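Listed below are the residues making up each chain.
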Amino acid sequence: MSPRRNRPKAGGSSRSSEDEGRRYGGAQSTESWQGEEWSVRHVAGASAAGKTYRCPGCDQEIGSGVAHVVAWSEYGGVDDRRHWHKACWNAKDRRTTKVQRSRNAPRH
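The present account deals with the structure reproduced in this document. (Residues numbered from 1 in each chain as written. Predicted model: local features only at pLDDT ≥ 70, side-chain atom pairs only at ≥ 80, totals over all residues. Heavy atoms only, no water.)

**Re unusual backbone geometry**
Right, on to step 1. Within the chain, Asp 59 stands out as a residue other than glycine whose phi angle is a positive 60°.
Right, on to step 2. Structurally, Asp 59 can be placed in the loop between β3 (53–54) and β4 (61–62).
Right, on to step 3. The exposure class of Asp 59 is buried, given its relative accessible area of 11%. (Helix = DSSP H or I, 4+ residues; strand = E, 2+ residues; numbered from the N terminus. Buried < 20%, exposed > 50% of the residue type's maximum accessible area, 1.4 Å probe, protein only.)

Okay, structure coming up:
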């Protein structure tokens, strides 16, 4: 019996968005917000290891290993992806347009 191949076969390197969603631990959907269509991917905490992000909803950090949401405009590219806390993404319509920071909050 030959050993199992862990490398992708030659010529089959293109991935669909569904494959990417499974690879990074989340299901992808499309939502309408602010008159645009947004791709939304829910990322599990186990798949969110290694990096820290800043949530645009609350301007706080999303730590490594924390479950969150990645959202980007349908017409945007990879650089337009934003990482949100799940609660912030769900409350995005109830928030003001200007982020209110406390006096001692970091200005990033």
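**Points about the sheet that holds strand β6 (residues 82–84)**
Right, on to step 1. A sheet is described by the order of its strands in space; here 4 strands give the open sequence β1-β2-β5-β6, paired in antiparallel fashion. Of all the strands in the sheet, the pair left with one neighbour each is β1 (28–33) and β6. Within the sheet, the average angular offset between the axes of one strand and its neighbour, ignoring direction, is 35°.
Right, on to step 2. In this structure, β1 lies alongside strand β2 (residues 36–43), joined through 6 bridges in antiparallel fashion. Among the inter-strand pairings, Thr 30 is bridged to a residue of β2, identified as Ser 39. (Pairing = 2+ DSSP bridges. Axes fitted to C-alpha atoms, helices over the stretch in contact; angles between N-to-C directions.)

**Thoughts on the packing of aromatic side chains**
Right, on to step 1. Tallied over the entire structure, the rule returns 2 aromatic pairs.
Right, on to step 2. With a centroid separation of 5.2 Å and 75° between ring planes, the pair formed by Trp 84 and Trp 89 is classed as edge-to-face. For the pair Trp 84 and Trp 89, one class covers both residues: buried.
Right, on to step 3. Three or more aromatic residues link up through ring pairs in this structure, and these residues are Trp 38, Trp 84 and Trp 89. (Phe/Tyr/Trp six-rings, centres within 6.5 Å; stacked < 30°, edge-to-face > 60°.)

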